Amino acid sequence: MSSFSTKIVLLGKSTNKKSKKVHKDILNNIQPTEVPKEFIDSITVTFSNNEVVPFNVNSLKGNFSLEQVQDFLKEYKATEKVDLIEIALDLDYITKDLEEKSNSFLEKYFDL
């Protein structure tokens, strides 16, 4: 890995231990380049000087994208290199949302 690369890490937050496999599948299938705002619990940006700055998820107008991090860095007037972007997902919310949507879809075709 290059010494000039920024790591992007997806983390999962959950209080429901029963859904561990589902949560693992969710994390394995989400691409961190674009994530729905409502799925995000928090985002932090870590600079090369070890300063950690929270990204205001509430300010997102739609899905989270890496372009929005660039805008955030411009507004923050960042002078240090970004080492790490951590995106913590609310796995309980994602699981509930997926279940509701799939049940709604399947109810059209099956008696549930």
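This structure is a prediction, so every number in the text was calculated from the model and none was measured.

Rules used in this analysis
- Residues numbered from 1 in each chain as written.
- Predicted model: local features only at pLDDT ≥ 70, side-chain atom pairs only at ≥ 80, totals over all residues.
- Heavy atoms only, no water.
- Helix = DSSP H or I, 4+ residues; strand = E, 2+ residues; numbered from the N terminus.
- Buried < 20%, exposed > 50% of the residue type's maximum accessible area, 1.4 Å probe, protein only.
- Core = buried A, V, L, I, M, F, W, Y, C linked by side-chain atoms within 4.5 Å.

Novice: I tried to follow unusual backbone geometry on my own but got confused; where do I start?
Specialist: Negative phi characterises most residues that are not glycine, and trans characterises most peptide bonds. Here Asn50, not a glycine, exhibits a phi torsion of approximately 70°, which is positive. If you trace the backbone, Asn50 turns up in the loop between β3 (40-47) and β4 (52-55).

Novice: Explain the environment of Leu11 here, please?
Specialist: Along the polypeptide, Leu11 turns up in strand β1 (residues 7-13). Residue Leu11 is classed as partly exposed on the basis of its relative accessible area of 36%. Remark: the alpha-carbon pair of Leu11 and Ile40, spanning 29 residues in sequence, is separated by 9.8 Å.

Novice: Would you take a moment to explain the nonpolar core for this structure?
Specialist: Within soluble globular proteins, side chains that are nonpolar generally end up buried alongside one another. Residues Ile40, Ile43, Phe64, Leu73, Ile87 and Leu89 are the most contacted members of the largest nonpolar core, which totals 21 residues. Broken down by secondary-structure element, the contributors of at least two residues to this core are β3, β4, α2 (66-76), β6 (82-90) and α3 (91-107).

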